[in-house]
Amino acid sequence: DMGTLEEIAMPQNGIYHKGVSALSEAFKHNPNLSCLNLNDNTISSKGAKAIANVLPGLKKLKSINFGDCLLKSKGAKALAKAFKDNSMLLENSGLGNDT
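Residues numbered from 1 in each chain as written. Predicted model: local features only at pLDDT ≥ 70, side-chain atom pairs only at ≥ 80, totals over all residues. Heavy atoms only, no water.

## A closer look at the pattern of salt bridges
Pairing between side chains becomes possible if they bear opposite charge and their charged atoms approach one another.
Here comes step 1: Under the defined criterion, the tally for this structure stands at one salt bridge.
Here comes step 2: Taking the shortest distance from any N to any O, the salt bridge between Lys 28 and Glu 25 comes out at 3.2 Å.
Here comes step 3: Overall, Lys 28 belongs to the partly exposed group, its relative accessible area being 47%. (Salt bridge = Lys/Arg side-chain N within 4 Å of Asp/Glu carboxyl O. Buried < 20%, exposed > 50% of the residue type's maximum accessible area, 1.4 Å probe, protein only.)

## A closer look at the nonpolar core
Here comes step 1: With 22 residues, the main nonpolar core has Phe 27, Leu 36, Ile 43, Ile 51, Phe 66 and Leu 79 as its most contacted residues.
Here comes step 2: Only helix H1 (17-27), helix H2 (44-54) and helix H3 (72-85) provide two or more residues apiece to this core.
Here comes step 3: It is H2 that provides the largest number of residues to this core, a total of four residues. (Core = buried A, V, L, I, M, F, W, Y, C linked by side-chain atoms within 4.5 Å. Helix = DSSP H or I, 4+ residues; strand = E, 2+ residues; numbered from the N terminus.)

## Structural notes on the sheet that holds strand E4 (residues 92-94)
Here comes step 1: Judged by pairing direction, the sheet is parallel, and its four strands sit side by side in the order E1-E2-E3-E4 without closing on themselves. A strand with exactly one partner marks an edge of an open sheet, and here the two such strands are strand E1 (7-9) and E4. Neighbour-to-neighbour, the strand axes of the sheet open up by a mean angle of 5 degrees, direction not taken into account. (Pairing = 2+ DSSP bridges. Axes fitted to C-alpha atoms, helices over the stretch in contact; angles between N-to-C directions.)

## Describing the packing of H2 against H3
Here comes step 1: Between H2 and H3, whose axes approach to 7 Å, the crossing angle comes to 10 degrees. Relative to H3, the element H2 lies roughly parallel. In this structure, H2 contributes Ser 45, Ala 48, Lys 49, Ile 51 and Ala 52 to the contact, and H3 contributes Lys 74, Gly 75, Ala 78, Leu 79 and Ala 82.
Here comes step 2: For the contact of H2 with H3, the residue count by class is six nonpolar, two polar and two charged. (Parallel < 35°, antiparallel > 145°, perpendicular 65-115°, else oblique. Contact = heavy atoms within 4.5 Å. Nonpolar A, V, L, I, M, F, W, Y, C, P; charged D, E, K, R; others polar.)

Here's what the structure looks like:
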């Protein structure tokens, strides 16, 4: 609910889809978010879908890192659709080999 966050880096924190879903709600309130690093957490397809739902409001997002997050095909597809359907400034994406 801060509203002023520009970078979130929480790699290797043992965050599962429930936590990612809760974080995604907080991302909505931070439209200036430009860097999102959740590398090596167990986001799974459920968490990826939650993130994909908030991506349209993150127009300043330039860098993401969801490597080693066990997105699986469904999660990767949800994120890809969100990126395709929205205009973002995304310059760097780390999705890893586990998608």
